[in-house]
Amino acid sequence: MSKQDEAGLILKLYDLRREETMRKARNWFFMEFQPQSLADFSAAMFGEHSGHLRMIVSYWDMAAAMVHNQAIGLQFFNDCNGEHIGVFARIEPLLPEIRAAYSPRFAANLEKLIDATPDGRKLVAANREQMKAVMAQLAKQPAAQRA
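This structure is a prediction, so every number in the text was calculated from the model and none was measured.

1. Observations regarding the packing of helix H1 (residues 3–17) against helix H4 (residues 50–68)
No. 1: Close contact between H1 and H4 brings their axes to 12 Å; oriented N to C, the two are set at 180 degrees. Between H1 and H4, the angle is such that the two are roughly antiparallel. Together, Leu13, Tyr14, Leu16 and Arg17 of H1 and Tyr59, Trp60, Met62, Ala63 and Met66 of H4 make up the contact between the two elements.
No. 2: When its residues are assigned to classes, the contact of H1 with H4 shows eight nonpolar, no polar and one charged.

Have a look at this one:
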């Protein structure tokens, strides 16, 4: 595949992230979804935000599959994206339980992408810690400022 074709796919992926429902899903995922247990994950999976959770994880798993199937090069993909690191950081601690409960292939492409990325697991761990600090700062703000 040519670099122009890869660039076209990356731009298409970006365009999809700008879609209104996807924006709402991304906002919910990063601002509200903080699962600490399989029960938390399951509550989201079968609750009001089920579509948001499935949309975000399946989107990044699909994008990762494009890398694994060589539609987009790993370096090019990672040069243009970073959100997948944050998505994986949210689900990684629960991944064995999620897979046992729901599907052994849950987020499998996303995990392969993380593992193929140089220092991928370190990036995920750093993102998780950074997001904890961000969320702690946001929690200190009055609700009116967070909106």
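Alright, that's what it looks like, and here's the rest.
2. What about the side chain of Asn81?
No. 1: Summarising the element assignment, Asn81 is placed in the loop between helix H5 (74–80) and helix H6 (83–91).
No. 2: Using a relative accessible area of 11% as the deciding quantity, one classes Asn81 as buried.
No. 3: There is a polar contact of 3.0 Å between the side chain of Asn81 and the side chain of Arg17.
No. 4: The residues contacting Asn81, other than those within four sequence positions of it, are Arg17 and Trp60.

3. Some words on the pattern of salt bridges
No. 1: Per the counting criterion, the structure on display carries 11 salt bridges.
No. 2: Notably, a salt bridge pairs Arg128 with Glu92, separated by 2.4 Å at the nearest N-O pair. Residue Arg128 is found in helix H9 (residues 120–140), and its partner Glu92 is found in the loop between H6 and helix H7 (95–101); the two are separated by 36 residues along the sequence.
No. 3: For Glu92, a relative accessible area of 18% translates into the label buried.

4. Section: helix H8 (residues 108–116)
No. 1: Within H8, burial applies to Ala108, Asn109, Leu110, Glu111, Leu113 and Ile114.
No. 2: Along its buried surface, H8 packs onto H4, H5, H6, H7 and H9.

5. A short note on unusual backbone geometry
No. 1: The backbone of Gln70 shows a phi angle near 65 degrees, a positive value even though the residue is not glycine.
No. 2: With respect to the secondary-structure elements, Gln70 resides in the loop between H4 and H5.
No. 3: On the basis of relative accessibility, which here comes to 67%, the residue Gln70 falls in the exposed class.
No. 4: Residue Ala107 is not a glycine yet carries a positive backbone phi of 55 degrees.
No. 5: Note on placement: Ala107 falls in the loop between H7 and H8.
No. 6: For Ala107, a relative accessible area of 4% gives the class buried.

6. Re the nonpolar core
No. 1: If you look at the biggest cluster of nonpolar residues, it comprises 35 residues, and the most contacted ones within it are Phe29, Leu53 and Phe106.
No. 2: Counting residues per element, the ones that place at least two in this core are H1, helix H2 (20–31), helix H3 (38–45), H4, H6, H7 and H8.
No. 3: The leading source of residues in this core is H4, at eight residues.
No. 4: Ignoring any residue separated from it by four or fewer positions in sequence, one finds Phe106 in contact with Phe41, Met45, Val57, Ile91, Leu95, Ile98 and Arg99.

7. Some remarks on the packing of aromatic side chains
No. 1: Under the counting rule described, the total for this entry stands at 10 aromatic pairs.
No. 2: Consider the rings of Phe29 and Phe30, whose centres lie 5.2 Å apart with planes at 75 degrees: the pair is edge-to-face. Each of the two residues, Phe29 as well as Phe30, counts as buried.
No. 3: Geometrically, the ring pair formed by Phe41 and Tyr102 is tilted, given 6.0 Å between the ring centres and 45 degrees between the ring planes. Within this pair, whereas Phe41 is found in helix H3, its partner Tyr102 is found in the loop between H7 and H8, the two being separated by 61 residues in sequence.

Scoring rules and cut-offs
Residues numbered from 1 in each chain as written. Predicted model: local features only at pLDDT ≥ 70, side-chain atom pairs only at ≥ 80, totals over all residues. Heavy atoms only, no water. Axes fitted to C-alpha atoms, helices over the stretch in contact; angles between N-to-C directions. Helix = DSSP H or I, 4+ residues; strand = E, 2+ residues; numbered from the N terminus. Parallel < 35°, antiparallel > 145°, perpendicular 65-115°, else oblique. Contact = heavy atoms within 4.5 Å. Nonpolar A, V, L, I, M, F, W, Y, C, P; charged D, E, K, R; others polar. Buried < 20%, exposed > 50% of the residue type's maximum accessible area, 1.4 Å probe, protein only. Polar contact = N/O pair within 3.5 Å; in protein donor to acceptor, adjacent residues only side chain to side chain. Salt bridge = Lys/Arg side-chain N within 4 Å of Asp/Glu carboxyl O. Core = buried A, V, L, I, M, F, W, Y, C linked by side-chain atoms within 4.5 Å. Phe/Tyr/Trp six-rings, centres within 6.5 Å; stacked < 30°, edge-to-face > 60°.

Purely geometric numbers; function is a separate question.
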